[in-house]
Amino acid sequence: MFIKRVVPRIIRNSRNEKTIQIELTTYEGKFIASAPSGKSTGKHEVPSYNSKGIGRSRVLLKAFCKRITGKNYLLKKIDDLKKLRSAIGKFEARFGRMGGNVTYTLDAVFLKAAAADKNKELWEFINDEVNNGLKPKMPMPVGNCIGGGLHSKLTRGKRPDFQEFLLIPKEASFSKAVTKNFHAYLYAKGLLKAQKRGDEGAWRTDKTNEEVLDILKKVGKKYGVRIGMDIAASTFYDKGYYLYKNKNLIRDKVDQADYMERLAKKFGVFYMEDGMQEEDFGGFRETLSAARKGALVVGDDLTTTNLARVRRAVAGKSINAMIIKPNQIGSMIEVKKVVEFCKRHKIKMIFSHRSGETMDNALADFAVGFGAHFIKCGIYGRERLIKLKRVMDIEKGLNK
Ligand code: 2PG
Ligand code: MG
């Protein structure tokens with residue numbers, strides 16, 4: 001794969017924040033990738049940019065792009081990204097860190113070009129290696145229906161403390177599941193009397209967590225869809241206490257674990273992400289041991305797509321499912337290692353968008369290619385729909 005040209009740019013994401021986009025030209029054509037950005041980022045994620053900010057990252061990236069222009073990269077499989085990695089490593093050691101969002105985007109754009117070089121779709125390129133070319137099983141969507149926490153602005157001075165209230169269909173096909181989620185999402189709007197949307201297209205509301213769960217349960221029942229939540233507990237945790245604002249109260253570690261257990265039972269919650277703060281492996285363990293059979297206890301800020309943390313969470317029986325966000329770790333080689341570990345230990349994988357998204361649909365290819373059980377994405381909004389549509393297109397192609 002001959003690198004003819006590499007152009008880095010700064011573009012705006014769905015939250016109107018600056019992010020990195022890279023355009024790579026090879027003899028196969030032009031390829032573009034860009035990085036999403038989180039708001040409720042985990043403490044153990046790699047920093048997204050240079051400590052001096054995205055501007056400095058771009059300056060460094062520009063210099064790095066110059067160095068790789070005119071070079072040849074043999075990229076037959078994901079692990080061949082090692083050559084690019086080593087070039088990045090040497091460069092960063094001399095000039096400073098570019099950041100996880102930049103290194104992820106480099107990996108992603110190289111993989112897109114490598115797939116085309118082999119006359120393959122991105123998902124196929126990954127699948128051939130990870131699943132030995134077996135026809136992949138389609139993931140199910142985890143759709144963000146109602147928002148709270150850091151992803152939502154206050155409505156009449158309030159918002160739920162939990163970050164996301166999710167709908168998770170179980171259908172014979174991905175496209176059926178997406179249609180179901182969309183209808184359920186519109187039904188939820190009526191019950192909530194919602195007008196506005198938050199960061200990921202989820203409905204904004206002033207209701208409490210439990211009022212929202214009541215509504216979500218109704219929605220789930222009517223449409224035969226399982227319900228879930230991303231508590232993002234670290235975002236309202238401080239020095240040993242969970243500080244609830246919408247009903248003003250404070251819970252300690254034990255109360256929080258009890259509360260999670262109670263909510264799961266009362267509302268029949270199927271999916272529970274980050275119910276405890278990001279260092280509390282023990283609290284996750286309690287939630288998992290109390291969970292009903294088949295329910296998912298999901299790590300996100302806990303695990304941050306970091307193999308060492310995933311190992312610890314799995315060894316300690318803290319989770320049975322985890323979020324995979326490539327820019328949390330900034331390397332597709334590391335993502336592949338995490339995927340292989342999850343497969344070996346039967347941990348359910350949820351490939352996930354970030355709250356600040358771009359029009360890149362690579363996440364869909366990653367979810368299918370790596371054999372994820374779920375893809376977590378909004379239900380509405382162009383940056384979300386483009387990813388759902390990509391999975392639907394892959395599914396259509398496979399059923400031809
Ligand atoms: C999460 C994500 C995506 P953010 O916590 O799961 O919904 O949020 O991208 O803000 O980290
Ligand atoms: Mg999360």
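Residues numbered from 1 in each chain as written. Chains lettered and ligands numbered in written order. Predicted model: local features only at pLDDT ≥ 70, side-chain atom pairs only at ≥ 80, totals over all residues. Heavy atoms only, no water.

K.L.:
What should I look at first to understand the coordination of the magnesium ion (ligand 2) in this one?
P.N.:
Expected angles at a metal are 109.5 degrees for tetrahedral coordination by four donors and either 90 or 180 degrees for octahedral coordination by six donors. Coordination of the magnesium ion (ligand 2) by the protein is provided by Asp230 (OD), Glu273 (OE) and Asp300 (OD), with metal-donor distances spanning 2.0 to 2.2 Å. Between consecutive donors of the magnesium ion (ligand 2), the numbers of intervening residues give the motif D-x42-E-x26-D. Placement of the pair is Asp230 in strand β6 (residues 226–230) and Asp300 in the loop between β11 (296–299) and α9 (307–315), with a sequence separation of 70 residues. An identical accessibility class is assigned to Asp230 and Asp300; each is buried. (Donors = N, O, S within 2.8 Å, 3.2 Å for Na, K, Ca; no water. Helix = DSSP H or I, 4+ residues; strand = E, 2+ residues; numbered from the N terminus. Buried < 20%, exposed > 50% of the residue type's maximum accessible area, 1.4 Å probe, protein only.)

K.L.:
What is the right way to read the pattern of salt bridges from this model?
P.N.:
The tally for this structure, following the rule as stated, stands at 31 salt bridges. The shortest N-O distance in the salt bridge between Glu279 and Lys43 comes to 3.0 Å. With Glu279 in the loop between β10 (271–273) and α8 (281–290) and Lys43 in the loop between β3 (29–34) and α1 (54–68), this residue pair connects regions lying 236 residues apart in the sequence. Judged by relative accessible area, which is 29%, Glu279 ranks as partly exposed. Across the salt bridge formed by Glu334 and Lys337, the nearest N and O atoms sit 2.8 Å from each other. Here Lys337 and Glu334 lie together in helix α11 (residues 332–344), a separation of 3 residues that amounts to about one turn. Overall, Glu334 belongs to the partly exposed group, its relative accessible area being 23%. (Salt bridge = Lys/Arg side-chain N within 4 Å of Asp/Glu carboxyl O.)

K.L.:
Before we go on, may I ask you to explain the packing of aromatic side chains in this structure?
P.N.:
How two aromatic rings sit relative to each other is given by the distance of their centres and the angle of their planes. Scanning all chains against the criterion turns up 20 aromatic pairs. Ring geometry for Phe162 versus Tyr259: centroids 6.4 Å apart, planes at 55 degrees, classification tilted. Of the two residues, Phe162 sits in the loop between β4 (140–147) and β5 (164–168) while Tyr259 sits in helix α7 (residues 253–267), which places them 97 residues apart along the sequence. The buried category is assigned to Tyr259, whose relative accessible area is 3%. Between the aromatic rings of Phe236 and Tyr244, the centroid separation amounts to 4.9 Å while the plane-to-plane angle is 65 degrees, which identifies the pairing as edge-to-face. For Tyr244, a relative accessible area of 4% puts it in the buried group. (Phe/Tyr/Trp six-rings, centres within 6.5 Å; stacked < 30°, edge-to-face > 60°.)

K.L.:
So what exactly am I meant to see when it comes to the sheet that holds strand β8 (residues 241–244) here?
P.N.:
Consider a sheet: its strands pair through backbone hydrogen bonds, and that pairing is either parallel or antiparallel. What the 3 strands build is an open sheet, ordered β7-β8-β9; its pairing is antiparallel. Single-partner strands in this sheet number two, and they are β7 (237–238) and β9 (249–252). In this structure, β8 lies alongside β9, joined through 4 bridges in antiparallel fashion. By the bridge assignment for β9, Tyr244 is matched with Leu249. Against the sheet, α7 touches β8 and β9, its axis set at about 100 degrees to β9. (Pairing = 2+ DSSP bridges. Contact = heavy atoms within 4.5 Å. Axes fitted to C-alpha atoms, helices over the stretch in contact; angles between N-to-C directions.)

K.L.:
Please clarify how the sheet that holds strand β12 (residues 321–324) should be interpreted in this entry.
P.N.:
The sheet built from 8 strands closes into a barrel, its strands ordered β4-β5-β6-β10-β11-β12-β13-β14 with mixed pairing. The mean angle between the axes of side-by-side strands here comes to 25 degrees, regardless of whether they run parallel or antiparallel. Across 5 bridges, β5 lies against β6 in antiparallel orientation. Bridging across to β6, Ile168 finds its partner in Arg226. Each of β4, β5 and β6 is contacted by helix α6 (residues 209–223), which is oriented at about 15 degrees to β5, the strand it contacts most.

K.L.:
Mind showing me how you'd approach the packing of helix α4 (residues 122–130) against helix α12 (residues 362–369) here?
P.N.:
Relative placement of two packed helices is described by the angle separating their axes and the distance separating the axes. Where α4 meets α12, the closest approach of the two axes is 8 Å, and the angle between their N-to-C directions is 25 degrees. It follows from the interaxial angle that α4 and α12 lie roughly parallel. Like other packed secondary-structure pairs, α4 and α12 cross with a definite hand, here right-handed. Of the residues in α12, those touching α4 at Leu122, Trp123, Ile126, Asn127 and Val130 are Ala362, Asp365, Phe366, Val368 and Gly369. Here the residues of the contact of α4 with α12 are counted per class, giving 7 nonpolar, 2 polar and 1 charged. (Parallel < 35°, antiparallel > 145°, perpendicular 65-115°, else oblique. Left-handed = near helix turned anticlockwise from the far one by under 90°. Nonpolar A, V, L, I, M, F, W, Y, C, P; charged D, E, K, R; others polar.)

K.L.:
Teacher, can you tell me more about a positive patch on the surface here?
P.N.:
A cluster of like positive charges, contributed by Arg12, Lys18, Arg58, Lys62 and Lys66, occupies part of the molecular surface. Counting residues per element, the positive patch draws most heavily on α1, at 3 residues. Positionally, Arg12 belongs in strand β1 (residues 5–12). (Patch = residues over 30% accessible without salt bridge, like charges linked within 9 Å, V, L, I, M, F, W, Y side chains within 5 Å. Areas by Shrake-Rupley, 256 points an atom, 1.4 Å probe, with all protein chains shown as cover. Lys, Arg positive; Asp, Glu negative; His and termini not counted. Charge placed at Lys NZ, Arg CZ, Asp CG, Glu CD.)

K.L.:
When you look at the environment of Gly96 in this model, what are you seeing that I'm missing?
P.N.:
Here Gly96 lies in the loop between α2 (82–95) and α3 (100–117). Taking the C-alpha atoms as reference points, Gly96 and Arg56, 40 residues apart in sequence, are found 9.4 Å from one another. Apart from the residues within four sequence positions on either side, Gly96 is in contact with Asn50, Leu60 and Phe91.

As far as function goes, none of this settles anything; it's purely spatial.
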